[in-house]
Amino acid sequence: MDDLLLAGPDTDDCLRFGTPTDRGTLRRLVAERQLRLRAAGLTPDGTAALSMGPSLEFVVTLLAGWREGAQVALLDHRLSAAETAAALDRLAPQVLVEDGPTPPGAALRGYVEAPVVVTGRPGGRPAAGEHRLIQLSSGSTGPSKVIARTGADLAAELDRYARMPDFPRRGGRVVLLSSMVHVLGLVGGLLHALHAGAELVLPDRLTGDGILDAVRAGERPTTVIGVPFHAQLLTAIAQPPPTPSLVRMIVAGELVRPAVPQAFRERYGVPLGTMYGMTELGVIATDLDGTAHPALTPAHGHELIVRDGELHIRRPDNPYLGTVAADRWSDGWLHTRDAAEIDPDTGRVVVLGRRDSQVSVGGLKVDLNEVEQTLREVPGVTECVLVFDNGAIRAYAELDATTSPQEARGRLAARIAGYKVPRTLRALPRLPRTNTGKLLRSAEALRAAGEQMAPSA
Amino acid sequence: MSLLPPFDRAAVIGMLAAFGDRDPSAVDEEIGSLELTWLVTEVEQRYGITVELPEDALDAVWTVDDAVRVLGALLPAAAAPAEGR
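- Chain B appears in an unreviewed UniProt entry as Acyl carrier protein from Streptantibioticus silvisoli.

- The name given to chain A in an unreviewed UniProt entry is Fatty acid--CoA ligase family protein, and the organism recorded there is Streptantibioticus silvisoli.

What follows is the structure in structure tokens.
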């Protein structure tokens, strides 16, 4: 791991969370954190879970865990207490690392500045296999899937990035806007920057001005990595200040609105590249110069096919811990659940959208079935349907006589991460159903039924 | 006379409508976190200010009216919403 991620001159600035951190300092902080993890009960081949916002502490802890040979599970710090507790029950890590309490901070910060809290968990289990990275993904049914990747798998993904001439190189800068606990921000942003020798910069503020300030703060060739929302945000700035160091923006995590790539190029004079990837596999296909949009070229070593309209990708081993449903992975192929078309002449792929109940809110994946099931269990809710309509998750529910839509939504918000909470919850005396009695899931029909009713929560 | 456009419900709905090129009638009364980030960026651009708010103040913005009240309080008097507007 040292060769892959920590090598380089002591004085090389490699991370910037407000202030710069050079490689010598990073190596020292990582070594110190290793001692702290060990003291908390991390054994060789042990397990640690991180529930931390983007921060220098997060990077230090992740690298320290790996340097100890541990399996590190990354939990989104925005999960609710109940969601985090369920994840910890399932994973049984030996050590939990969290952000400590902070004084009330400014809104829309790009990173967290908090003391780190390391807690030993007696009864935590050592790692069962070679996997070094564990991530949870919302499943369309039942509990989250546990996605596991080995060190070799991560090294192969870093090699894929290193082969992309348009990805940041040594001497460059990466302004990272994507979540660092999800695969594209983690591997494409953080780990690639450390591997390639580019400086990773987190903006002080995640507003349009804040992002441009971070870009303009350095003279070295700068690549911004974010989600399509960020590109939309920057494109909407009518007269941005000059950004001479900006060479490219790369977005991933959801589909890009058709007009945005060209508008971005006109605004900033540089390409808006796109990537497609999955937690199970990392980066899968790219269009980094924005010339093939919406088509993407498969990344080195990936084999893609479309079966019955669904994109399948070669993956020899089961990417999940435990048993896996055959409609997720079978016979060495991962079933992406994305609809796609592959051009037989060029091999390029166009991803058309999800074939299941997963939606993306600002690049964060939300499974509508999971949220719907949680809402159905909320006291006062007798039946409900969730749809993704006009850019937002919307809930329609039958409530008992004593529960208001505001109360139902509030009870739901206490159980799930904020980004999963429906924008609107409308109470209907009876949800529309088909002739056979099934709940109708048409956004139009639900909207029409809702418009006749009282205001929403 | 100020050159700053007034910051009222119509202004907020207009800024939110630009997110995704929507018709103003398609803008919800409720504001999601992405829309809020969008709105803050628009306010900073249009009114030339930096929106500096504690996290809990922004977390309390759930609706268009909340946004008019909370963000409007940061603006120069010429643009801020009048009492009861």
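1. Remarks on the overall build of chain B
1) Next: Regarding its fold elements, chain B presents four helices and zero strands.
2) Next: Secondary structure elements of chain B occur, N-terminal to C-terminal, as α-α-α-α.
3) Next: Across its three principal axes, chain B shows a C-alpha extent of roughly 30 × 30 × 25 Å.
4) Next: Looking at chain B as a whole, 34% of its 85 residues qualify as buried.
5) Next: Of the contacts made within chain B by residues no fewer than 6 positions apart, 61% connect residues no fewer than 24 positions apart.

2. Let's talk about the nonpolar core
Generally speaking, soluble globular proteins have nonpolar side chains that are buried together.
Residues and elements named next belong to chain A.
1) Next: Core analysis: the biggest nonpolar cluster contains 119 residues, and Leu50 and Val72 have the highest contact counts within it.
2) Next: If near-sequence neighbours (up to four positions away) are discounted, valine 72 is found in contact with Ala48, Leu50, Leu62, Gly65, Trp66, Arg132, Leu133 and Ile134.
3) Next: In terms of nonpolar packing, the next biggest core, distinct from the first, is built from 26 residues, Leu368, Val371, Val387 and Ile393 among them.

3. Details of the sheet that holds strand 5 (residues 95–99) of chain A
All names here are of chain A.
1) Next: The strand order across the open sheet built from six strands is 6-5-3-4-7-8, with neighbouring strands paired in mixed fashion. Edge positions in the open sheet fall to strand 6 (116–120) and strand 8 (145–150), since each of these has one partner strand only. Neighbour-to-neighbour, the strand axes of the sheet open up by a mean angle of 20°, direction not taken into account.
2) Next: The pairing of strand 7 (residues 131–137) with strand 8 spans six bridges and is antiparallel. By the bridge assignment for strand 8, leucine 136 is matched with valine 146.
3) Next: The strands touched by helix 5 (residues 151–162) within the sheet are strand 7 and strand 8, with strand 8 carrying the most contacts at an inclination of about 75°.

Rules and cut-offs
- Residues numbered from 1 in each chain as written.
- Chains lettered and ligands numbered in written order.
- Predicted model: local features only at pLDDT ≥ 70, side-chain atom pairs only at ≥ 80, totals over all residues.
- Helix = DSSP H or I, 4+ residues; strand = E, 2+ residues; numbered from the N terminus.
- Buried ≥ 20, exposed ≤ 12 C-beta atoms within 10 Å, placed from the backbone.
- Contact = placed C-beta atoms within 7 Å.
- Core = buried A, V, L, I, M, F, W, Y, C linked by C-beta atoms within 7 Å.
- Pairing = 2+ DSSP bridges.
- Axes fitted to C-alpha atoms, helices over the stretch in contact; angles between N-to-C directions.

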